[in-house]
Amino acid sequence: MDKIEELMSAYPALTFIFDSHMPDGQKGLYINDHIYLNTRQTREELLGTIAEEIGHYLTSSGDISVLDTNEKRKQERRARDIGAILAVSPVDIVDCFNGGCKTILECAAYLGVTKEVFEDAVSYYATKFDTITVKDKYTIRFYENGSVGVLKKF
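Residues numbered from 1 in each chain as written. Predicted model: local features only at pLDDT ≥ 70, side-chain atom pairs only at ≥ 80, totals over all residues. Heavy atoms only, no water.

1. Some details on the packing of helix H4 (residues 90-98) against helix H5 (residues 104-111)
Defined as follows: Axis definition: a line fit to C-alpha positions, over the contact stretch in the case of helices; interaxial angles, taken between N-to-C directions, run 0 to 180 degrees. Runs of E in the DSSP output that reach at least two residues are strands. Runs of H or I that reach at least four are helices, and both are numbered from the N terminus. An angle below 35 degrees is read as roughly parallel, one above 145 as roughly antiparallel, one from 65 to 115 as roughly perpendicular, and any other as oblique. Residue contacts are counted whenever heavy atoms from the two residues lie within 4.5 Å of one another. The nonpolar class holds Ala, Val, Leu, Ile, Met, Phe, Trp, Tyr, Cys and Pro. Asp, Glu, Lys and Arg form the charged class, and all remaining residues, Gly among them, are polar.
For the pair H4 and H5, the least separation of the axes is 10 Å and the interaxial angle reads 110°. With respect to each other, H4 and H5 are oriented roughly perpendicular. In contact with Asp 92, Asp 95 and Cys 96 of H4, H5 contributes Cys 107, Tyr 110 and Leu 111. Classifying every residue of the contact of H4 with H5 gives four nonpolar, no polar and two charged.

2. Some words on the packing of aromatic side chains
To keep things clear, this is the line we draw: Only Phe, Tyr and Trp rings take part, Trp by its six-membered ring, and two of them pair if their centres are within 6.5 Å. Stacked means planes under 30 degrees apart, edge-to-face means over 60, and tilted covers everything else. Buried means the residue's accessible area, taken with a 1.4 Å probe over protein chains only, is under 20% of the maximum for its type, while exposed means over 50%, and partly exposed covers the values in between.
The final tally for this structure, using the stated rule, is five aromatic pairs. Consider the rings of Tyr 11 and Tyr 57, whose centres lie 6.2 Å apart with planes at 80°: the pair is edge-to-face. Note that Tyr 11 is positioned in the loop between helix H1 (3-9) and strand E1 (15-19) and Tyr 57 in helix H2 (residues 43-59), a separation of 46 residues in sequence. Residue class for Tyr 11 comes out buried when judged on its relative accessible area of 18%. Residue Tyr 57 is classed as partly exposed on the basis of its relative accessible area, which comes to 27%. The interplanar angle of 70° and the centroid separation of 5.9 Å between the aromatic rings of Tyr 30 and Tyr 57 together place this pair among those described as edge-to-face. Highlighted residues: Tyr 30 in strand E2 (residues 28-31) and Tyr 57 in helix H2, separated in sequence by 27 residues. The class for Tyr 30 is partly exposed, based on a relative accessible area of 23%.

Distances and angles like these do not, on their own, reveal function.
Shown next, in the form of structure tokens:
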């Protein structure tokens, strides 16, 4: 099962609808336990879209299709942050390290996400944590410039 299937199966209360008639500028839309997904996306974009729309399911309320207030913009940011960390976990960052990735683009490609989703996840973790310990032998360090360091204990 790939990451897209894992995310979708983790939320059985949601119905995922692949809609080829969605406008080009709209990748996804969450309405009443239904997530509509534009079929004209790469796999990497689709993963980010599904994760973000699940973020809306978990955190948003009301119609925020027009971001005309600070509250609506905050809800959009919150959903995007939650989506990013659903798509890129600390374990995923360690997997990038173990896979020999050196750059953001390499990490994004390795994980099958867009550069923006990877950057959003790192940015979110950096605002919440200085370091995260994973599997008792890896320490992830987040730096203010958006870079990440992974230390392995022997």
